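Chain by chain, the residues:
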Amino acid sequence: MALADTLEKTWRTRLQADYPKQSEDTYNGIVQWLLGEDQTRFDDLDAAALKIAYQAIEYRYRILQRRYWGMSSARAYEQLLRRLGSLFLIRSKIRTWISLSRDRYRSVQDVLQEVIQEMLQSDNHLRQQTAWIAQCTANNRLRNTLTLASIEEYCLRPIRNQPLLVYRFVNYLRRSQRGGMTQVPTGDLIKLVSDEIATDSDDASLSLLDIQAMVDYQAQQDGLQQQIARQEVKQQFINYLHENLDATAAEWLELYLQGHSQDAIAQKLSMPVQQIYRLREKVNYHAIRVFTLKEQPDLVFSWLKTSLKDHSLGLTPGQWQQYWTQLSQQQQHILDRLKGGQGIESIAQELKLKPKQVISEWAKLYLAAQDLRSVS
């Protein structure tokens, strides 16, 4: 518990500096919420996992600061709905479902409220978080604030490059479409299904609840691996910026990833905002056209799951078909050879092009696939 004690003192000091004149109960409640229920876990983490755990605490604190601290419960709840509803992917899915449903007068916020309410009632993680928050503080207003911040953090967790809320919305649709006695087919028998499946052995059975626990555990592991991969990509790119641009570019990236606006970054770096925008364009160029496509393609593609060979540039089968039919014969040839593991030099010789021309064409192809992913 030595590490947890150190973290508790550190965060208490920070809270007292950020929000003076608060009660000790408030400081205690927020610190306990930030560190989580199982504080012994910090002692078992290696350096890489511990760094991610620190970042997760910092991320949770920023959510609390930016959208929920000091607000009334009603206003904070509106903030939560606005934040989740601003996600393009979830907003488009809900709007599509509304347009195809019988009740077309419902809004995105109406559906989001139902999904969140169902998650609070049935999602084990949120139920555990609610119970833990109740142990952290007896102040009802602080409880509501911490609960709303927890919901946002949980809903935005990346699972296979999509927010977890997307999967919870799909589950909500499945249950709402098949639930209720009014939707039971009259020609079928209603069966009571046990939560266990009998096996060939008389003494053994397979619990469906165990399977769900395994699925949940695998989802958690996937999320952790995704965070580790993201941290590795970030560190490698920062090193690249130090070596190929300058320390200012690396500082810009750090501040940008922390969520600062361009104006705020300009103030922190003591630079004109126009220069900050030019720096952003330069970093974006190097991030995609140099670092991703030339320096560390395997690392970045593995993290984003957009490799050509294993993930078809991150496109679904339907998107890939649409993408492929729009390519020229030469572009299709380049993709075929790259997918087969052939090198740039060899492809250039086949097509009687310079290697730089093949690299430039490959960059265009990757960016076109990225544009198709973003609009679909």
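Each chain has its residues counted from 1, running along the sequence as written. Where totals are concerned, whole chains, interfaces and linings use all residues; where local detail is concerned, this predicted model gives features only for residues with pLDDT of at least 70, and gives and counts side-chain atom pairs only at 80 or more. Calculated side-chain values reflect all of the structure's heavy atoms, with hydrogen atoms and water omitted.

Undergrad: Can you walk me through the overall build of the protein chain in this structure?
TA: Across its full length, the protein chain carries 19 helices and four strands. We call two residues in contact whenever any of their non-hydrogen atoms come within 4.5 Å of each other. Summarising the internal contacts of the protein chain: among those between residues at least 6 apart in sequence, 59% fall at separations of at least 24. Total accessible area on the protein chain is roughly 22,700 Å²; 50% of this is exposed by carbon and sulfur atoms. Segments assigned H or I by DSSP are reported as helices when at least four residues long, segments assigned E as strands when at least two residues long, and all are numbered from the N terminus. Values of accessible area rely on a 1.4 Å probe in the Shrake-Rupley scheme; residue burial ignores everything except the protein chains shown.

Undergrad: Could you clarify how one ought to interpret the packing of aromatic side chains in this entry?
TA: The relative placement of two aromatic rings is captured by the distance of their centres and the angle of their planes. The rule is short: rings of Phe, Tyr and Trp, with Trp giving its six-membered ring, pair when the centres are within 6.5 Å, and they are stacked under 30 degrees, edge-to-face over 60, tilted in between. Counting across every chain of the model gives seven aromatic pairs. Residues tryptophan 11 and tyrosine 61 carry aromatic rings whose centres are separated by 5.0 Å and whose planes lie at 70° to one another, so their mutual orientation is edge-to-face. Placement of tryptophan 11 in helix 1 (residues 2-18) and of tyrosine 61 in helix 3 (residues 47-68) is noted, with a sequence separation of 50 residues between them. By relative accessible area, which is 7% here, tryptophan 11 ends up buried. Taking the relative accessible area as the measure of exposure, tyrosine 61 reaches 0% and is therefore buried. For the ring pair phenylalanine 237 and tyrosine 240, a centre distance of 6.0 Å and an interplane angle of 15° mean the geometry is stacked. Placement of both phenylalanine 237 and tyrosine 240 in helix 10 (residues 208-244) is noted, with a separation of three residues, approximately one turn of the helix. Partly exposed describes any residue whose relative accessible area lies between the buried limit of under 20% and the exposed limit of over 50%, with all areas from a 1.4 Å probe on protein chains only and scaled to the type maximum. Under the relative-accessibility criterion, phenylalanine 237 is labelled buried at 7%. Since its relative accessible area comes to 7%, tyrosine 240 is described here as buried. Ring-pair connections join several aromatic residues into one group, and the members of that group are Trp320, Tyr323 and Trp324. Here, a charge over a ring means that NZ of Lys or CZ of Arg falls within 6 Å of the ring centre while also lying within 35 degrees of the ring normal. Directly above the ring of tryptophan 320 sits lysine 339, whose terminal nitrogen or CZ lies 5.1 Å from the centroid.

Undergrad: Help me understand helix 2 (residues 24-35) in this model?
TA: Residues separated by three or four positions in an α-helix point in the same direction, a consequence of the helix having 3.6 residues per turn. Compared with an ideal rise of 1.5 Å per residue, which puts 12 residues at 16 Å, helix 2 spans 17 Å between its outermost C-alpha atoms and is within 8% of the ideal. Along helix 2, the positions that sit buried rather than exposed are Thr26, Tyr27, Gly29, Ile30, Val31, Trp33, Leu34 and Leu35. Taken together, the buried residues of helix 2 touch helix 1, helix 3, helix 7 (124-136) and helix 8 (140-155). Just beyond helix 2, the residue with positive phi is glycine 36, at close to 90°. Expected span of a helix, by definition, is 1.5 Å for each gap between consecutive residues, and there is one gap fewer than residues.

Undergrad: How do you make sense of the pattern of salt bridges when you look at a structure like this?
TA: Working definition: two side chains of opposite charge can pair if their charged atoms are close together. By salt bridge we mean one thing: a side-chain nitrogen of Lys or Arg within 4 Å of a carboxyl oxygen of Asp or Glu. Applying the stated rule across the entire model yields 11 salt bridges. Put simply, glutamate 24 and arginine 12 hold a salt bridge, and the shortest N to O gap is 3.2 Å. Taken together, the residues glutamate 24 in helix 2 and arginine 12 in helix 1 connect sequence positions 12 residues apart. On the accessibility criterion, glutamate 24 (44% relative accessible area) is partly exposed. Arginine 14 is the salt-bridge partner of glutamate 58, the closest N and O atoms lying 2.7 Å from each other. One end of the pair, glutamate 58, is in helix 3; the other, arginine 14, is in helix 1, with 44 residues separating them in the sequence. According to the relative accessible area criterion, arginine 14 is partly exposed, its value standing at 29%.

Undergrad: In this structure, what is going on with the side chain of glutamine 262? I would like to understand it.
TA: Note that glutamine 262 resides in helix 12 (residues 262-269). For glutamine 262, the contacting residues outside a window of four places in its chain are Trp252, Tyr256, Val273, Ile276, Tyr277 and Arg280.

Undergrad: Would you mind going over the packing of helix 4 (residues 73-85) against helix 8 with me for this structure?
TA: To describe two helices that pack against each other, one gives the angle between their axes and the distance between the axes. The axes used here are C-alpha line fits, helices contributing only the stretch in contact, and every angle between their N-to-C directions lies in the interval 0 to 180 degrees. At a minimum axis separation of 10 Å, helix 4 and helix 8 run at an interaxial angle of 5°. Relative to helix 8, the element helix 4 lies roughly parallel. For the pair helix 4 and helix 8, contact is made by Ser73, Ala76, Tyr77, Leu80, Arg83 and Leu84 and by Asn144, Leu148, Ile151, Glu152 and Cys155, respectively. Each residue gets one of three labels, nonpolar for Ala, Val, Leu, Ile, Met, Phe, Trp, Tyr, Cys and Pro, charged for Asp, Glu, Lys and Arg, and polar for the others, Gly among them. Split by residue class, the contact of helix 4 with helix 8 holds seven nonpolar, two polar and two charged. The labels follow the angle: roughly parallel below 35 degrees, roughly antiparallel above 145, roughly perpendicular from 65 to 115, and oblique for the rest.

By themselves, these are just geometric observations and shouldn't be taken as functional.
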